[in-house]
Amino acid sequence: MTQQGLSTTAVHAGSERPNPHHSLTVPVTQTATYTFSDTQDLCDFMDARMWGMAKGRTEYGRYGNPTVAAAETKLAALEGAEAALLYSSGMAAVTSTILTLVNAGAHIIITDDSYRRTRQFCLNFLKKFNIESTVVPMGDFTALESAIRPETKLIISESPTNPYLRVLDLKHLADIAKAHNIKTLVDATFATPFNLRPLDFGIDLVIHSATKYLGGHNDILAGVVAGSEQLIALLRQQLWMLGGVFDPHSAYLLLRGLKTLGLRVERQNQNGQRIAEFLEAHPKIDRVWYPGLTSHPDHAIAAKQMKGFGGVISFEVRGGITEGSRVVDRVRIPIIAPSLGGVETLIEQPALMSYYEMSTGERLAVGIKDNLIRLALGVEDTEDLINDLAQALEQA
Ligand SMILES: *Cc1c(COP(=O)(O)O)cnc(C)c1O
């Protein structure tokens with residue numbers, strides 16, 4: 001078959017022809033366990049499994065589910081991966097993957113401006129197991145290379161990052177890691193496979209909070225890891241023990257959401273570019289962070305590496321925390337909530353959301369300004385969003 005486009009893959013991959021009962025959609029298999037007709041049937045299954053040849057069935061819900069498997073097949077196809085594995089949340093995917101890839105005494109390198117809970121897991125939680133982590137500035141490959149030790153086993157990065165949308169040269173990262181026999185893990189939640197496929201650049205594993213764009217409707221929590229069959233098989237074995245498995249009802253919603261991923265990302269890319277340009281030209285805005293703007297520090301690599309720049313924009317309102325809050329409170333379409341990637345536009349001031357318990361000084365030390373606003377665009381009409389922001393800024 002000729003290479004098909006990603007939208008076609010998003011609609012059709014993972015669905016059998018025909019599906020059970022000739023259902024057009026993949027049925028929700030809502031079961032905790034699976035049955036055997038008699039002892040012989042059970043023994044045949046156990047023998048086949050011992051040889052790694054148990055095809056088409058399993059014996060218990062934690063070890064697999066056909067609805068979840070269909071979503072995994074679709075996601076692997078979208079990432080250009082041999083296999084994918086779903087988890088109950090993005091953080092379940094992140095923590096289970098890291099726990100599987102490192103042993104006590106290992107060393108991890110993680111780039112800054114990464115998801116706060118991922119950083120906390122590496123820097124605080126893993127310390128209990130004598131696993132050390134070094135944080136290096138995003139894009140500083142000299143710092144990255146000099147942080148490498150003989151016991152470095154894993155480099156973790158994100159692209160684009162939250163909230164500054166920093167974009168990393170993934171091929172450069174993969175080349176350095178391979179030369180030192182270190183595994184690479186990239187959280188590409190903000191990009192989606194439509195805008196960026198990290199495996200194409202030699203990254204070992206790509207991770208997503210599927211809660212965001214992949215699910216796309218702000219109604220499920222999910223996480224996914226994709227990569228080689230060898231690595232995913234290892235992760236699958238550990239997931240059966242760690243237990244953060246995905247649920248079939250949510251898998252159905254994820255399958256449904258993924259069918260329109262191409263259309264949604266196209267609109268979100270368009271909203272992102274046009275609204276970033278509108279904000280950058282506005283006198284009441286000090287600075288806009290969007291990789292599609294030439295003013296963004298990583299615009300050149302983003303333009304080379306990404307197919308679109310995504311639907312998240314961060315911007316600094318002239319003034320401080322109060323001026324920022326005024327804009328957040330005066331917009332009518334965007335809703336105040338954490339998260340991103342759904343059809344509804346969401347807005348938040350990181351200082352008052354993820355970093356509320358810190359002082360202004362502490363926030364500045366981790367690079368979060370009080371007047372910073374993160375706008376996570378949905379699929380509403382671009383003009384409506386621009387007009388709404390214009391009226392909110394008018395009064396700011
Ligand atoms: C939301 C998010 C996570 C965590 O995912 P959950 O599904 O909320 O557990 C991890 N990384 C990034 C970049 C995220 O945006």
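First, a word on scope: everything that follows refers to the structure included in this document.

Cut-offs applied
- Residues numbered from 1 in each chain as written.
- Predicted model: local features only at pLDDT ≥ 70, side-chain atom pairs only at ≥ 80, totals over all residues.
- Heavy atoms only, no water.
- Core = buried A, V, L, I, M, F, W, Y, C linked by side-chain atoms within 4.5 Å.
- Buried < 20%, exposed > 50% of the residue type's maximum accessible area, 1.4 Å probe, protein only.
- Helix = DSSP H or I, 4+ residues; strand = E, 2+ residues; numbered from the N terminus.
- Domains from an automatic or database assignment.
- Contact = heavy atoms within 4.5 Å.
- Pairing = 2+ DSSP bridges.
- Right-handed = clockwise from strand over helix to strand, strands pointing away.
- Phe/Tyr/Trp six-rings, centres within 6.5 Å; stacked < 30°, edge-to-face > 60°.
- Lys NZ or Arg CZ within 6 Å of the ring centre and 35° of its normal.

1. Thoughts on the nonpolar core
Leu-254, Ile-275, Val-288, Ile-313 and Phe-315 are the most contacted members of the largest nonpolar core, which has 81 residues in total. Per element, the largest residue contribution to this core is 6 residues, and it comes from helix H3 (residues 66–79). Shared between two domains, this core holds at least three residues of each, these being domain 1 (6–29 + 65–259) and domain 2 (262–395). Contacts of Ile-275, omitting those with residues within four sequence positions, involve Ile-313, Leu-375, Leu-377, Thr-382, Leu-385, Ile-386 and Leu-389. Counting residues in hydrophobic clusters, the runner-up holds 26 residues, among them Tyr-87, Leu-101, Ile-110 and Ile-207.

2. Remarks on the pairing of strand E5 (residues 183–187)
Counting buried residues along E5, 4 of its 5 residues qualify, which places the element largely inside the surrounding structure. Relative to E5, strand E4 (residues 152–158) is paired through 5 bridges, and the arrangement is parallel. Considered in E5, the bridge of Ser-157 is made with Val-186. Handedness of the crossover joining E4 and E5 through helix H7 (residues 170–179) is recorded here as right-handed. Pairing of E5 with strand E6 (residues 205–209) involves 3 bridges; the strand directions are parallel. If you follow Asp-187 over to E6, its bridge partner there is Ile-207.

3. Notes on the sheet that holds strand E11 (residues 346–348)
Reading across the sheet, the 5 strands line up as E8-E9-E12-E11-E10 and stay open at both edges, with mixed pairing between neighbours. Each having just a single partner strand, strand E8 (285–289) and strand E10 (335–336) make up the two edges of the open sheet. Pairing of E10 with E11, which is carried by 2 bridges, proceeds in the parallel orientation. Residue pairing in the sheet places Ile-336 in a bridge with Ile-347 of E11.

4. Digging into the packing of aromatic side chains
Per the counting criterion, the structure on display carries 7 aromatic pairs. Judged by centre distance (5.8 Å) and plane angle (50 degrees), the ring pair of Phe-125 and Phe-129 falls under tilted. For Phe-129, a relative accessible area of 40% gives the class partly exposed. On the numbers, 6.4 Å between centres and 75 degrees between planes, the contact of Tyr-290 with Phe-309 is edge-to-face. In this pair, Tyr-290 is assigned in the loop between E8 and helix H12 (299–305) and Phe-309 in the loop between H12 and strand E9 (312–317), connecting sequence segments 19 residues apart. The residues Tyr-290 and Phe-309 share a single accessibility class, namely buried. An aromatic cluster is defined as three or more aromatic residues linked by ring pairs; in this entry it consists of Tyr-60, Tyr-63 and Trp-240. Directly above the aromatic system of Phe-36 lies the positively charged group of Arg-57, at a separation of 3.9 Å from the ring centroid. A cation over a ring is seen here: Lys-128 above Phe-125, with NZ or CZ 4.4 Å from the ring centre.

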